[in-house]
Amino acid sequence: MKGGINKMKKILSMFAIMFAAFTLVFSMPVVLAKTSPQEGLCAEVEAGVMPSSPFYFADGVLEDLNLALTSDTDKKVAKELENACEKLAELEKEANEGDMDNAQDATEEYQEIMAELKEEIQEIQAETSEEVLKKQLELEQNIENLDDEIDEIENSLKIKIEVEGQITPEQQALIDSILANLVGQTGEVEIEIENEKGKTKIKIEIETGQDGDDVEDELKVELGIDEQEDAAEEIADAKEEIAKAKLKIAEAKADGEETSAAEQFLSDAEKTLVDAEAAFNAGNFEEAEELADESKDLASIARMKALGKTLDEMGDSDDDSGSDSDDSDSSGSDSDSDDSDNSGSGSDSSESGSGDVIVLN
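This is a predicted model, so every value here is computed, not measured.

Undergrad: Would you mind showing me how to read the overall build of the protein chain here?
TA: Per the secondary structure count, the protein chain includes 11 helices and 2 strands. Going from N to C terminus, the protein chain has its helices and strands arranged as α-α-α-α-α-α-α-α-α-α-α-β-β. Put simply, the protein chain has 361 residues, and 37% of those count as buried. The contacts of the protein chain with a sequence gap of at least 6 include a subset with a gap of at least 24, amounting to 76%. Counting only carbon and sulfur atoms, one obtains 49% of the accessible surface of the protein chain, whose full area is about 20700 Å².

As structure tokens, then:
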């Protein structure tokens, strides 16, 4: 009798999981279109079922089932990229709430997704080798977007630690481990893409006689990757400057200093960065780069305000530094001149790169 009750409990548990899975399937959007790097890989992706939820396991089963039922490589890669973004969002949310154990669970899920993606890279196909290379370049850009997301998580955690104070060595070690695992697994995928690109470029040379690197450069222009990379770098720089400003403002607040002016500039910097990212996601890379540069400047001003410095003071400091440098150069010049005069008139001489005089007999 007791065995029958236990069996019934197991059946009911399985039914509950299947019901939850069924509900999740019809409540989640199915993305079949290929993700374009111009669209901003993780821009619209939010955290799904959190690792702390009792339904997290069922959510993972659903994701695996969804992938198993997808035979098209392009669609499968798109889903894996979306799942990777979702795991990063879950990780960041759990970490910001201080639940590092569940953040670690999300990290492990991310690692599994990237391992699967690494295998899918070898399966990318198209009618021509040039089209294959184009897909590989698009995927490479998407992976770089994941790198940017990881950088954001790292900056977010640094700010949280700075604002909230001390953390235990164990917590710090876990954070370091999580970040290292994210970077390491993503890096492995980037290496795999680079390897596959190399193979594809060799095929292009054999099939068409064209130089593979030249074809890659042409495809980058077609995809707007050069402009995109410049804009992405500027946005990354702006985010870094904003993170620095936040840290300085937090330090100033902790010291009881007035920070309202700095916070206003920081707020403007963050708003401008949002506009820059919107332009980037819309494919307007030139506008995105300009806005990101403006955001970076505003964040720099915010940081200076938090440090209690003005632009004039910073300018005076730079002028003094330049003056000292000029004096040093002038002194060095006089010394060189004296050395030259003392080298003797009866010998030929030339100066080496280090400023020493070499006498040739």
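Undergrad: Can you help me understand the packing of aromatic side chains in this one?
TA: Between two aromatic rings, the relevant description is the distance of the centres plus the angle of the planes. A full pass over the atoms with the stated rule returns 1 aromatic pair. With a centroid separation of 5.2 Å and 65° between ring planes, the pair formed by Phe 280 and Phe 285 is classed as edge-to-face. Classification of Phe 280 by relative accessible area gives buried; the value is 6%.

Undergrad: Got a minute to help me understand the pattern of salt bridges in this structure?
TA: Close approach of charged atoms allows side chains of opposite charge to pair. Within this structure, the stated rule accounts for 20 salt bridges. A salt bridge links Lys 87 to Glu 63; the shortest N-O distance between them is 3.6 Å. Of this pair, Lys 87 sits in helix H3 (residues 73-96) while Glu 63 sits in helix H2 (residues 56-68); the two residues are 24 residues apart in sequence, bridging distant segments of the chain. Overall, Lys 87 belongs to the buried group, its relative accessible area being 1%. Taking relative accessible area as the criterion, Glu 63 reaches 7% and is therefore assigned buried. Here Lys 134 and Glu 222 are joined by a salt bridge, their closest N and O atoms 2.9 Å apart. In this pair, Lys 134 sits in helix H5 (residues 129-164) while Glu 222 sits in helix H7 (residues 212-223), placing the two residues 88 residues apart along the sequence. When salt bridges with common partners are traced through the structure, they connect Glu 140, Glu 194, Lys 197, Lys 201, Asp 213 and Glu 216 into a single cluster.

Undergrad: When you look at the state of the cysteines in this model, what are you seeing that I'm missing?
TA: Covalent bonding between the sulfur atoms of two cysteines is what defines a disulfide. If you walk through the whole model with that rule in mind, you get 1 disulfide. The disulfide partner of Cys 42 is Cys 85, and the S-S distance across this bridge is 1.9 Å. The chirality of the disulfide connecting Cys 42 with Cys 85 is left-handed, given an S-S dihedral of about -70°. With Cys 42 in the loop between helix H1 (2-27) and H2 and Cys 85 in helix H3, this residue pair connects regions lying 43 residues apart in the sequence. Accessibility expressed as a relative area gives 3% for Cys 85, which makes it buried.

Undergrad: Looking at this structure, how should I read the packing of helix H6 (residues 169-208) against H7?
TA: Any two packed helices are characterised by the angle at which their axes cross and by the distance between the axes. Running from N to C, H6 and H7 cross one another at 110°; their axes reach a closest spacing of 8 Å. On the basis of the axis angle, H6 is roughly perpendicular to H7. Note on element contacts: H7 touches H6 through Gly 212, Asp 213, Val 215 and Glu 216, opposite Lys 197, Lys 201, Ile 204 and Glu 205. The residue makeup of the contact of H6 with H7, split by class, is 2 nonpolar, 1 polar and 5 charged.

Rules behind the numbers
- Residues numbered from 1 in each chain as written.
- Predicted model: local features only at pLDDT ≥ 70, side-chain atom pairs only at ≥ 80, totals over all residues.
- Heavy atoms only, no water.
- Helix = DSSP H or I, 4+ residues; strand = E, 2+ residues; numbered from the N terminus.
- Buried < 20%, exposed > 50% of the residue type's maximum accessible area, 1.4 Å probe, protein only.
- Contact = heavy atoms within 4.5 Å.
- Areas by Shrake-Rupley, 256 points an atom, 1.4 Å probe, with all protein chains shown as cover.
- Phe/Tyr/Trp six-rings, centres within 6.5 Å; stacked < 30°, edge-to-face > 60°.
- Salt bridge = Lys/Arg side-chain N within 4 Å of Asp/Glu carboxyl O.
- Disulfide = S-S within 2.5 Å.
- Axes fitted to C-alpha atoms, helices over the stretch in contact; angles between N-to-C directions.
- Parallel < 35°, antiparallel > 145°, perpendicular 65-115°, else oblique.
- Nonpolar A, V, L, I, M, F, W, Y, C, P; charged D, E, K, R; others polar.

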